[in-house]
Amino acid sequence: MRKRWLAIGLTAVMMTGMVGASAQAAEKSTDTDEQVTLELFWQKSNTNVIQEIIDKFEAENPNIKIELTATSSDTGKQIFQTRMATNEPMDLVQHWPSQAEFRAMCKEGRMVDLSGYDWTDNIIDTYYDMSCVDDKLYSVPLSINAGVVAYNKDIFEENNLEVPSTWDELIKAADTLKAADVTPFIFSNGDKENCSQKFHIMTAAVADDKWNPYDFYVGMYEGSGAKFADNDYSKKAAERLYLLSDEYAQNDPMSTNYDLSMQMFANGEGAMMITGTWAQSDIEKNNPEINMGMFALPTDDGVNMMISGIDPCIAAMTGTGKEEYAAKFLEFVSRTENAQIYTDYDKSPSPIKGVKTENPTIDLVLGYIEEGKAIPWWRDYISTGVVSDEADLAQAFLMDGDMDAFLEGEEEIVLRQED
Amino acid sequence: MRKNSISHKRNVSYMPVIVTALVLYTVFFIVPALYSFYFSLTDWNGYSLEYHFVGFKNFVKVFRDKDLFNSIKFTLIYTVVVNATTIPCSVFLGILLTKKLRGVNFFRSIFFYPAIISMLSLGLIFNEIFRRMLPMIGQTLGVGALETSLLSTKAGAVAAVIILGFWQNLSIPTVLLIAALQSVPGELTEAAKIDGAGPLARFRVVTFPYLASTLVICLVKGIRDALVVFDYIISLTQGGPAKATTSMGYKIYLMGSTDMKFSQGCATAIVLFLFIALASFFIMKVVGRGGIEQQ
């Protein structure tokens, strides 16, 4: 294992070394006629839309050429890691501002600080703040996601159900479905990351004007001294999540992973699913004809908070000598008309002012985003080394329902400091 | 004298081959191994340009980690069960497949087939089998035991990983043992038969000594492969449910990639390496004794 790992690493180091050398050679030759070539490292699969934006940018800036290095997100992570470790920066990099490694690189000064540029005003304030690391802006957000409930409109109609607006209505709807022999919720407990994700969504869905999970958990991490034991909201979130998984999920949810849950929902094997807005494309891939919608998970008196975050972003890296040109591209991307191109493809809500999202599936969700009821995925703002531990903990909880062990474990994870 | 110079000449002509292999091995295995030891003494997170020496702090952490015991336990159970089942089964299969049967080559390739599929794809295929196919069969036929997937309980998931491990790891030892079995001189078996030795006695006295060195290879390879099991885990169970199948290999991977604890991952890898080295040494000393040296 270890040997194979390092061999791959070393090969990658050598390969990037070669790429770096050839890139430097290319740079020298372009200096004379003031042509600049920038590398954009792209980890998502939607390369056609970014290429369209690049083409438009190149038409406006004939002296700047942008070369797209496209990888799928699995290998992208390794390539990013190798290039960070060997100091071979890319001029522009697409990443996720919620990811620990990206935030660590921002903290180390490897990404260009964009706070001083006027054009960053075009980012909606909430998402500007979410993009910040230590109060400085290092990236331009491209689209946003939210933790929601996906529902099958046809099944709702057949059972004369309306979109529930309170927790009691949600349970009533689930009871009706259960009585009609329809699986109310599809859970993907076989995927441990999905388990903790659902808990995070639920913590936002129990929030009210006195409490919200971001302030509470991040506050705890930063030393507020608060305790899980004194806190009814955490307990309520865990109880409600377990209730849905235990009472209203399909048979044997522990055997269902993310991909399978998408197939099942797409085939109408269940009426609802707690997930993120990103699931829409995965569901539609399995069944393009599906008549689905998404709503925010309500608490006792309606929807107070919805968990939301930035999906991909683009950042410029330091140490390339071409930071100014890279920033020019970021300015271009942050313009409303160009952000609209991205949103038209992506169908997710946009963090850029004035962009319209034409996507009936998330109509019910968009309102809350516009009203500013979105709070960030709080786990991204606590210690970095907890991701897999928290996922394991949440999965164990959904398996055995041991509330005390779960809350104690969560407390330990939230309080854990980097060492 | 004359003999010596010939063998000396022969050795010289082998040198370029050996040196090339040695250089490649050093560059791709020894240097990275030393490098990983170096990083295990630092606090490097896998991304940063700066890091500090922290001495043996990471090794202390490895042994303080409360999940480490869990990982070692699973890895050991997997290693013992998989090897204790595959090796005897492959001896048995090997004997069957060296008999003069019709279509024996067909069967040999069938049994070798699992070895040529990538472990990651195997994990994905078995994912479908365990998560979808078996429960569906269980529900249709009303077999209660099959209705819930093996992967949804801790013990079941361990069993599922072992089943997959057994299925894939059977092939290589079988092929190696077929080769070894073919080297058993027919006249020895004949002689033993004439002396009145039964099949079991013939196997113990005549066949086994010829298999011993191959068995050592199979065991060392089997144990090494099992101790570093990783690919099935990532595609079949992700170490779950609730950490039940988090092997040492998968744990190291998580530390190096998701959790930004590269140096601690290196330290864990070194502990695992020492483990494998000790186990291999022990097997070669104990099992390797008493076999016939073959060329």
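Residues numbered from 1 in each chain as written. Chains lettered and ligands numbered in written order. Predicted model: local features only at pLDDT ≥ 70, side-chain atom pairs only at ≥ 80, totals over all residues.

### Description of the domain arrangement of chain A
All names here are of chain A.
Item 1. Taken domain by domain, chain A holds domain 1 (2-9 + 34-143 + 311-360) and domain 2 (145-308 + 383-415).
Item 2. Each of domain 1 and domain 2 was reduced to a C-alpha centroid, and the two centroids are 30 Å apart.
Item 3. On the side of domain 2, five residues touch domain 1, which itself brings five residues to the contact.
Item 4. Here the residues of the side of domain 1 that touches domain 2 are counted per class, giving two nonpolar, one polar and two charged. (Domains from an automatic or database assignment. Contact = placed C-beta atoms within 7 Å. Nonpolar A, V, L, I, M, F, W, Y, C, P; charged D, E, K, R; others polar.)

### Comments concerning the domain arrangement of chain B
Item 1. Structurally, chain B comprises domain 1 (1-32) and domain 2 (41-286).
Item 2. Here domain 1 of chain B and domain 2 of chain B have C-alpha centroids that lie 33 Å from each other.

### Observations regarding the interface of chain B and chain A
Item 1. Counting residues at the interface gives 34 residues for chain B and 32 residues for chain A.
Item 2. Of all the secondary structure elements, the ones that give two or more residues to the side of chain B that touches chain A are α1 (2-40), α5 (119-141), α12 (248-256) and α13 (262-286) of chain B. (Helix = DSSP H or I, 4+ residues; strand = E, 2+ residues; numbered from the N terminus.)

### Quick look at the environment of Leu211 of chain B
Residues and elements named next belong to chain B.
Item 1. Here Leu211 shows up in helix α10 (residues 199-227).
Item 2. Once the C-alpha coordinates of Leu211 and Ile162 are considered, the two residues, 49 residues apart in sequence, prove to be 25 Å apart.
Item 3. If we skip the residues at most four places from it in the chain, Leu211 touches Leu177 and Ala180.

### Considerations on the environment of Tyr217 of chain A
All names here are of chain A.
Item 1. Tracing the backbone shows Tyr217 in helix α9 (residues 213-221).
Item 2. The class for Tyr217 is buried, based on 26 C-beta atoms found within 10 Å.
Item 3. It is 28 Å that separates the C-alpha atoms of Tyr217 and Ile314, two residues lying 97 residues apart in sequence.
Item 4. If we ignore the near neighbours within four places in the chain, the residues touching Tyr217 are Trp378, Ile382 and Val414. (Buried ≥ 20, exposed ≤ 12 C-beta atoms within 10 Å, placed from the backbone.)

### What to know about the confidence of the model for chain B
Residue and element names in this part refer to chain B.
Item 1. The predicted model of chain B has a mean per-residue pLDDT of 85, with 94% of residues at 70 or higher.
Item 2. At the low end of the mean pLDDT range in chain B sits helix α6 (residues 144-147), at 78; at the high end sits helix α7 (residues 154-169), at 91.
Item 3. Taken over the whole predicted complex, pTM reads 0.81, whereas the ipTM for its chain interfaces reads 0.74. (pLDDT = per-residue confidence, 0-100.)

### Notes on helix α4 (residues 104-116) of chain B
Item 1. Compared with the 18 Å implied by 1.5 Å per residue over 13 residues, the 19 Å span of α4 of chain B between its first and last C-alpha is a close match.
Item 2. At Ile110 of chain B, α4 of chain B shows its strongest bend, of approximately 25°, with the proline Pro114 of chain B following within four residues. (Expected span 1.5 Å × (residues − 1). Bend = angle between axes of the 7 residues up to and from the residue.)

### Some thoughts on unusual backbone geometry
Item 1. Here the phi dihedral of Asp134 of chain A falls at roughly 50°; this positive angle occurs in a residue that is not glycine.
Item 2. Secondary-structure assignment places Asp134 of chain A in the loop between β4 (132-133) and β5 (136-137).
Item 3. On the basis of neighbour counts, which here come to 8 C-beta atoms within 10 Å, the residue Asp134 of chain A falls in the exposed class.
Item 4. Positive phi values are uncommon outside glycine, yet Lys243 of chain B reaches one of about 70°.
Item 5. Within the secondary structure, Lys243 of chain B sits in the loop between α11 (231-237) and α12.
Item 6. Given 22 C-beta atoms within 10 Å, Lys243 of chain B falls into the buried group.

### A word on the confidence of the model for chain A
Item 1. When pLDDT is averaged across chain A, the result is 87; 92% of the residues are at 70 or more.
Item 2. Every residue in residues 13-32 of chain A scores below 50 in pLDDT, and together they form 11 contacts with partners more than four places removed in sequence or on other chains.

### A word on the pairing of strand β10 (residues 306-310) of chain A
Residue and element names in this part refer to chain A.
Item 1. Where burial is concerned, most of β10 is hidden: five out of the five residues are buried.
Item 2. Burial along β10 is two-sided: the residues Met306, Ser308 and Ile310 and Ile307 and Gly309 are all buried.
Item 3. Examined bridge by bridge, β10 and strand β12 (residues 374-376) share three bridges and lie parallel to one another. Within β12, the position partnered with Met306 by the bridge is Ala374. (Pairing = 2+ DSSP bridges.)

### So, the UniProt feature "transmembrane region" (unreviewed entry) in chain B
Residue and element names in this part refer to chain B.
Item 1. The UniProt entry lists residues 12-38, 76-98, 110-130, 157-181, 201-223 and 262-284 under the feature "transmembrane region" (unreviewed entry), expressed in the numbering used here.
Item 2. This span, residues 12-38, is 100% helix and 0% strand, and a straight line between its end C-alpha atoms measures 36 Å.
Item 3. End C-alpha atoms of residues 262-284 are separated by 32 Å, and the span's content is 100% helix alongside 0% strand. (UniProt positions renumbered as here; feature names shortened; annotations may be inferred.)

### Notes on the UniProt feature "domain: ABC transmembrane type-1" (unreviewed entry) in chain B
Item 1. Within this numbering scheme, the UniProt entry marks residues 72-283 of chain B as carrying the feature "domain: ABC transmembrane type-1" (unreviewed entry).
Item 2. Each end of residues 72-283 of chain B is marked by a C-alpha atom, and these two atoms are 19 Å apart; helix forms 80% of the span and strand 0%.

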